[in-house]
Amino acid sequence: KTEGEKRDRLTNPRCCLLQALRMSSAEELSKAITEQGAVVKQLKLDKADVTAAVAKLKELKQQYETVAGKPWGDDSKKGKGGKDKKKDVGSGEAPDDDAKEKERLARLAREQAKKDKAQKWASKKTDADKPKKAAAKNDEGTGERFSFPEMEADIRKYWEKIDAFKTSVKFSEGRPEFTFYDGPPFATGTPHYGHILAGTIKDIVTRYAHQTGHHVERRFGWDTHGLPVEYEIDKTLNIKGPLQVMEMGIDKYNAECRKIVMRYAGEWKQTITNLGRWIDFENDYKTLYPWFMESVWWVFQQLYSKGLVYRGYKVMPFSTALSTPLSNFEANQEMKDVTDPSVFVIFPLVGDSEGAALLAWTTTPWTLPSNLATCVHPDFDYVRFKDLKRNRVFYAAKARLVGDGCLYSTNAEIEILATVKGTDLAGKEYEPLFDCFASWKGRAFKVLMDTYVTIDTGTGIVHQAPGHGEDDFRVCLAHGVVNNEDIPCPIDDMGQYTEEVPKYKGMYVKKADPLIVAELTERDRVFRAETVLHAYPHCWRSNTPLVRKTVDSWFVRVESFKDKLVVNNAKTYWVPNSTKEGRFHNWLADAKDWAISRNRFWGTPIPLWVSDDMQEVVCVGSIEELRRLTGNNDINDLHRESIDHLTIPSSQGKGDLKRVPQVFDCWFESGSMPYAQKHYPFENKERFEAGFPADFIAEGVDQTRGWFYTLLVIGTALFDQAPWKNLVVNGLVLASDGQKMSKSKKNYPDPNIVLREDGADALRLYLADSPAVKAENLRFQREGVQSLIKDVFLPWLNASRFFQLSIAKLGKPFSFNDTERCPSTNKFDCWILAYTQTLIAFVHEEMQAYRLYTVLPRLVRFVDNMTNWYVRFNRKRLKGSGGEEDTRNALWTLAEVLVSLCKLMAPITPFFSEYMYQQFRPYMIPNNSRSLRTWTNAQVVEWLQMAGLHQFVTTFRDNGIAGQDLCDLGHADLISMGLQRCTDRKAVLRALKEVQETNGATVQFKLRVHNGVAEDASVHFQMIPDPKPFYFSHDTERGFEVFKRLIEATRVLRDKVNLPVKYPLKELVVVSRNDTVLSDIQTLEEFVLGELNVAKLTVTNDLQAHQAELKAHLNLPVVGPRLQGDLENVRAAVSNFTTADVIALEEQGQTVVLGHTLSREDIITFYVVQAGESSKFASKALEDMMLLLDTEMTDEMKQQGYTREIASRVQKMRKRAGLQEGDAITVHYEVLTETEDVPLKSLLAAQTAYLSELLVNQPVAAGKPDKDFLVTEEVTVKSASLCIWVVKRE
């Protein structure tokens, strides 16, 4: 044997173990151990996988210990002087009885075989749970292991070598533009599954657009400004507030921010590259680039000039950790359940004869020092009542007085004195809770009215702190309690009380809650103090509770054009549409003015220069304008440290105008990215306007109140249109337990580990074929990723490998042209080719509608149909059983299907599709035709030259005519282009007619080459094919669907009666009233008989002769809502339909039940078996047919079944031994036990030739082998048993 053969034999687990068991002495075992040790050492030197070899070495040593009675290695003892004193390895304890020793070893072999079998099945069940690299043994017998991650690494190297992404973009130049906007992420954190999901969707759609004839610019963007960056710096430098930043210096602070904005850019690039996403990092955009910031200024100037920007005081969500207000949509991004105080506060009325008091409820006691009023609903009923226990009079809403969650549980605790309306309480004065704003008496501390008051919770009386509540501010402003210039708000930007609340000055407001409650309780101003668990908004960046605070901010008047937002959104296309019509529509309909300014430092400065009295304002829209207005020509950066010192001379004699201190909300920047990424309008003006709005955007459902919203607001304000046409919104990726993924909890696998060990394609397919692409939440299961390797990628791989083996078996050159028609008339070939065209048409239709959630399941199902139906049923044909012509037709069919599949899957699984394409590339006849609609203008010109129409080249080139224009080109179009002569137009249209009829297939263009890379070098340079009309066959597809249902149902039936397919049966009867079903089954009769191993197939429409009945039940989802109260009665009536009733329904198309007219679609019919059916038939009812399987077996049929069962076990032993197809073997057997029912000796003697035939004519011999064997196994056949040996023949 060669060294390679020896190594293969020794590292093969079964071979190594069984050879050891045949050794009759410790010497032979010791020799094997030494040789195996050398193999392990060599494998290590070769950097190969040594796991199996080490395991076998360990087993050999255990065997040696059993035989020799001591551990292997104890023969070497240290002698005097430290020299080794070696003992002869053969001088150990030799067995006294060689036969007994062999029996003992055989027993050990059986025990070890059982252990191996159990371990094998255990590993099958748990492989998906093991975090190891996705590798699998080839099922076609090559013995190779295929690692998907290693394959992907090789493909990445290949892409890098040919510069695949840039080359693909180069080849697509001149095609119609497909515009895509990529929302910018922050690089201050590493990418998570949410980013990977959205990135996968974006990559699939843009790859598909590219491979369907478009030029797709894909630029990566980075969000580099704003709170995420500043918060990290504040934590690092222990900065507590804006004053410390000013002390440090804005220039130094921003320099620190600039250092970290790209902290994890490397990790992002690596993850995205490993994911297989093609996007341009070199030509990226960052929101910190001066040219990007300049376009943001231009956007703001446009809004300002339209009167859509104003400065005002508003109560805003405020992050005390970041010392800045947030927008309303930011405030809703991070809701957390927290426990807060629940306090009912007493407000004594001034001058009430009985000392009555108002009762108001709050969960924010820290706002009580700012109380200036209370509010009631004018139309609600309020009661004046006496608390009998307290002997005190109060006012509260009648609906909140007694009941669950109300002030009292029973009426016995109170005495109602009077009932009044809210209008009766209006204007009443009460005693202030605190004296902080006692000077406001007269205009404050009164009862106000407004209809925003509810009676769902609380007391129906609301405490008003206008500095901390939007409604409070609005109501107090309307009643003259406050004005826009004077609003009590006694907390600073860090959430600490100011000197206006001296007792709690410098204290964080949330910490003051219990102290305030205690003080008011001591002063008898608390009716009841409890706690409540409720959802409370938190800062999305710092994770700290938000407060409501009156701030001076710059706003965009969104409320003034929110109706336009609704209208423009309605013109866009969303997947799923429910998010557009539901969550997003509702948000738009209630849109508030947008606070776009932030009291921060690292961001794009708001370009407003104002006078000291704020009456003169200059809005700057460009760097050039700022240079001109300030007289400073050295402006190259727009951050605060570069421009805050610049002033603009007043045109009204008010001195120098200074810039306002705020910067833009970073959402304003990301909402401006369609314009700023192109530096519009300063550059790329024509290109931007030609591609606006974008064809496609995509992000997570959380962006409905984020990026999608800001894009729509700015796009509507600028151009009165949404900046996108099509939008895909994905759901959230959660941990497997449904909780939010958390690094601290470690409740999810690291995405980089999944990519490294399972592969990007499997992860991409898992995410894209999940509920998340329908905006539903996904509970991430790594097992789901790994199951796709087994269920999709391995079958796909094995189909390709089987093709390669079949080509080798053919022994002659093979090639095919996937643009021509395969000449095969074989029914299976016609079916799979027709099915492929239907799939192609479906993929195009659904992808153009952006419905990934329908595309992916169909593609996955196609792999199953291809491998488990086409390949499995045609293995013999592919190996040559039908002659060379039939074999070539089958190979052509399989090749065309696999190439079509890898092109269809290329946008989804780019690595494996590339790998598969490269496997088939040597067999593909070069074809340089292009689908007509994908022709570029240059290719149209090339076609004209090939067609001899040189005189029209200039006209077509100057008019920019591309393939899409040729699809419906007519006389009128040609006249408008200047072709006035009818003969010229007819010449062009004649030449075009053939091209249109063949969709461009007859035109062979020159194979383009860019930087030495040909246009056929990658599957990603290819167009996804259009369906080929000549393959379509609805009847063939329908027939095979019936066939598959029949096969699957009969398999289930066989399992039910414990008669595996190995055992031949007499007859299968198919009963159906549907003649089409019966005809389809008869057409495929030969395949039914062969697959199900039955001798006869009978198809009939005679229900009565075969004890079959038709029954029915209501189609509840369709008819249920219509029937309403009569549903149960109608359901019962329909369930009692007889066969005659069902036949009448089918013939007439409708029936009347209890006065309701029911159509065929309202009722589901099905078959059942009548009672008393013959016992020899097993039955199964389907919707459109009844199956009856004759289960009686003759002795001959049983013997054939037993023989096929033995043959099946031998094939499994071959596979376990690592044998390849074509390896010559001899099968030896020895009957161990037999019974009267299973007389194995006579059976095998009679069935030897049949068994040999089942084993592809391999010899079968009775008796033990007289030479080394590869594998042995004790096999049980029903109640008998035999031992089988497999011996390899040279």
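Predicted model, so just to flag it, every value in this text is computed and none were measured.

How each quantity is defined
Residues numbered from 1 in each chain as written. Predicted model: local features only at pLDDT ≥ 70, side-chain atom pairs only at ≥ 80, totals over all residues. Heavy atoms only, no water. Helix = DSSP H or I, 4+ residues; strand = E, 2+ residues; numbered from the N terminus. Contact = heavy atoms within 4.5 Å. Salt bridge = Lys/Arg side-chain N within 4 Å of Asp/Glu carboxyl O. Buried < 20%, exposed > 50% of the residue type's maximum accessible area, 1.4 Å probe, protein only. Pairing = 2+ DSSP bridges. Axes fitted to C-alpha atoms, helices over the stretch in contact; angles between N-to-C directions. Parallel < 35°, antiparallel > 145°, perpendicular 65-115°, else oblique. Nonpolar A, V, L, I, M, F, W, Y, C, P; charged D, E, K, R; others polar. Left-handed = near helix turned anticlockwise from the far one by under 90°. Arc of directions from axis to C-beta.

A. Highlighting the overall build of the protein. In terms of regular secondary structure, the protein is built from 46 helices and 46 strands. Restricting the contact set of the protein to residue pairs at least 6 apart, pairs at least 24 apart contribute 76%.

B. Region of interest: the pattern of salt bridges. Scanning the model with the defined rule gives 66 salt bridges in all. A salt bridge links Arg311 to Asp552; the shortest N-O distance between them is 2.8 Å. Of the two residues, Arg311 is situated in strand E9 (residues 309–319) and Asp552 in strand E20 (residues 547–556); the sequence distance between them amounts to 241 residues. In this structure Arg311 comes out as partly exposed when scored by relative accessible area, which is 36%. In this structure, Lys1028 and Glu896 form a salt bridge, with 2.6 Å as the shortest nitrogen-oxygen distance. A residue pair is termed long-range when its members are at least 10 positions apart, and Lys1028 in the loop between strand E34 (1013–1014) and helix H39 (1034–1056) and Glu896 in helix H32 (residues 884–905) qualify at 132 residues. Here the two residues Lys1028 and Glu896 agree in accessibility, since each one is buried.

C. Region of interest: the sheet that holds strand E26 (residues 647–649). Strands sit in the order E25-E24-E27-E26 across an open sheet of four strands; the sheet is antiparallel. The open sheet has two edge strands with one neighbour each: strand E25 (617–619) and E26. Between one strand axis and the next, the sheet turns through 30° on average, direction left out of account. With two bridges joining them, strand E24 (residues 608–610) and strand E27 (residues 656–659) adopt antiparallel strand pairing. Paired with Val610 across the bridge in E27 is Lys658. Contacting E24 and E25, helix H13 (residues 290–305) crosses the sheet at an angle of about 130° to E25.

D. Structural detail: the packing of helix H42 (residues 1116–1123) against helix H43 (residues 1127–1135). Two elements in contact, H42 and H43, have axes separated by 9 Å at closest approach and are oriented at 135°. Taken together, the axis directions place H42 and H43 in an arrangement best described as oblique. In this structure, H42 uses Leu1116, Gly1120 and Leu1123 to contact H43, whose residues at the interface are Leu1127, Val1130 and Arg1131. Looking at the contact of H42 with H43 residue by residue, the class counts come to four nonpolar, one polar and one charged.

E. Region of interest: the packing of helix H8 (residues 193–210) against helix H29 (residues 827–848). Relative to each other, H8 and H29 sit at 120°, their axes nearing to 11 Å. Between H8 and H29, the angle falls in the class oblique. Note that H8 runs across H29; the crossing there is left-handed. For the pair H8 and H29, contact is made by Ile204, Val205 and Tyr208 and by Val843, His844, Met847 and Gln848, respectively.

F. Quick look at H42. Burial in H42 covers these residues: Val1119, Gly1120 and Leu1123. Down the axis of H42, the sector holding all buried residues measures 120°, keeping them to one side. Facing away from the buried side of H42 by more than 90 degrees, the exposed set consists of Pro1117 and Pro1121. Among the structural elements, strand E37 (1108–1114), H43 and strand E39 (1156–1159) are those in contact with the buried residues of H42. At the exit of H42 stands Gln1124, carrying a positive phi of roughly 50°.

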